[in-house]
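For reference, the chains in residue letters:
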Amino acid sequence: MAGGLLGGDELEEDSFNPEINTTPLVDVMLVLLVIFIITVPAIQHAVKIDLPKAAAQQDNKPPAAVDLALDNNGHLHWDDRDIADSELPALIAQAAARQPTPELHLRAERNTPYEKVVQVMAAAQTGGLDKIGFVTQAVSP
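This structure is a prediction, so every number in the text was calculated from the model and none was measured.

Calculation notes
- In this convention, every chain numbers its residues from 1, walking through the sequence in written order.
- Note on the predicted model: pLDDT of at least 70 is required for a residue's local features to be given, and 80 or more for side-chain atom pairs to be given and counted; whole-chain, interface and lining totals, by contrast, use all residues.
- Heavy atoms from the whole structure form the basis of all side-chain values; hydrogens and water molecules are not counted.
- For helices, the fitted axis covers only the stretch in contact; all axes are lines through C-alpha atoms, and the angles between them, taken along N-to-C directions, range from 0 to 180 degrees.
- The numbering of helices and of strands both runs from the N terminus, where a helix is a DSSP run of H or I of at least 4 residues and a strand a run of E of at least 2.
- Each angle receives one of four descriptions, namely roughly parallel if under 35 degrees, roughly antiparallel if over 145, roughly perpendicular if within 65 to 115, and oblique otherwise.
- Throughout, a crossing is termed right-handed when the near helix is turned clockwise from the far one, and left-handed when it is turned anticlockwise from it by less than a right angle.
- In this description, contact between two residues means that some pair of their heavy atoms is separated by no more than 4.5 Å.
- By the convention adopted, Pro, Cys, Tyr, Trp, Phe, Met, Ile, Leu, Val and Ala count as nonpolar, Lys, Arg, Asp and Glu as charged, and the other residues, Gly among them, as polar.
- In this scheme, a helix's expected span is set at 1.5 Å multiplied by one less than its residue total.
- Note on exposure labels: buried denotes an accessible area under 20% of the residue type's maximum, exposed denotes more than 50%, and partly exposed covers the range between, all computed with a 1.4 Å probe on protein chains only.
- To be clear, the arc concerns the directions from the helix axis to the C-beta atoms.
- Side-chain atoms within 4.5 Å are what join buried Ala, Val, Leu, Ile, Met, Phe, Trp, Tyr and Cys residues into a set we call a nonpolar core.
- The pairing criterion is simple: DSSP has to find at least two bridges between the two strands.

Helix α3 (residues 114–127) packs onto helix α2 (residues 88–97) with a crossing angle of 45° between their chain directions and a minimal axis gap of 9 Å. One element, α2, and the other, α3, form an angle in the oblique class. For the pair α2 and α3, the crossing hand works out as right-handed. When α2 is examined against α3, the residues Leu88, Ile92, Ala93 and Ala96 are found in contact with a partner set consisting of Val120, Ala123, Ala124 and Gly127. Looking at side-chain class alone, the contact of α2 with α3 contains 7 nonpolar, 1 polar and no charged residues.

In C-alpha cells, the structure reads:
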C-alpha cells in the first residue's frame with residue numbers, strides 16, 4: 001500500500017471518516033438568510049399617511065337596567081315595587097320606549113315555577129326588551 005506501513009495496523013482508504021461535513025448546512029443557512037433579508041422589508045412595508053387626530057372620552061356610564069323579580073308564588077316585583085301580572089306589558093312597553101333601550105335583569109327564586117319565568121321572558125320579548133340577563137347568587141366555597 002502507498003504511504004508506508006504503520007506497523008501491524010494499516011488504515012484502508014475506504015474506512016469510516018468521523019468528520020461531519022458542514023458545508024451543506026452552511027449553504028442552506030446562507031440561502032435562508034438571503035431569503036429573510038429580501039422578504040422582511042417587503043412584509044413590513046407601510047404607507048406613511050397623516051391621520052387626523054381626535055380626542056374622545058370613554059363612556060363609563062353603565063347601561064340602564066330594569067330589575068324584575070319573581071318570588072316562589074309567582075308574584076312580580078318591578079324595581080322593588082310589587083306589581084300585578086296585568087301591569088307587566090305596560091311597564092315593559094314604557095321601558096322599551098326609552099333610549100337607549102334598557103336591559104331586563106330577571107331574578108327568580110329557586111323554586112319559582114319555570115312556566116312563570118318563560119311567560120315573563122315572552123312578555124319582555126313581545127314588548128321590545130331584547131336584552132335579558134339572569135341574576136344569580138354566587139355560591140361561596
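The end-to-end C-alpha distance of α3, which contains 14 residues, comes to 20 Å, matching closely the 20 Å that a straight helix rising 1.5 Å per residue would cover. When we look at burial in α3, the residues that qualify are Lys116, Val117, Val120 and Ala124. On an axial view of α3, the arc spanned by its buried residues comes to 105°, and they lie on one face. Among the exposed residues of α3, those pointing more than 90 degrees away from its buried face are Tyr114, Glu115, Gln125 and Thr126. Looking at the buried residues of α3, the elements they touch are β1 (65–70), β2 (76–78), α2, β4 (103–108) and β5 (132–134). Downstream of α3 by one or two residues, Gly128 has phi in the positive range, about 110°.

All right, on to the nonpolar core then. The biggest cluster of nonpolar side chains holds 17 residues, and the ones touching the most others in it are Leu68, Leu76, Trp78, Leu88, Val120 and Leu129. Every element with two or more residues in this core is listed here: β1, β2, α2, β4 and α3. The element contributing the most residues to this core is α2, with 5 residues. When neighbours within four sequence positions are excluded, Trp78 is seen to be in contact with Val66, Asp67, Leu68, Ile83, Leu88, Leu91, Ile92 and Ala95.

In space, the 5 strands of this open sheet follow the order β3-β2-β1-β4-β5, with mixed pairing throughout. Since the sheet does not close on itself, it has two edges, and those belong to β3 (81–83) and β5, each with one partner. For this sheet, the mean inter-axis angle between neighbouring strands, taken without regard to orientation, is 30°. Note that β1 and β4 share 6 bridges and pair parallel. Across the sheet, residue Ala69 finds its bridge partner in β4, namely Arg107. Each of β1, β2 and β3 is contacted by α2, which is oriented at about 25° to β2, the strand it contacts most.

Let us look at unusual backbone geometry. Pro100 follows Gln99 through a cis peptide bond whose omega is -5°. The topology assignment puts Pro100 in the loop between α2 and β4. The backbone of Asp79 shows a phi angle near 50°, a positive value even though the residue is not glycine. A positive phi angle is found at Asp80, which is not glycine, with a value near 65°. You can see Asp80 is positioned in the loop between β2 and β3. Judged by relative accessible area, Asp80 falls into the exposed class, the value being 73%.

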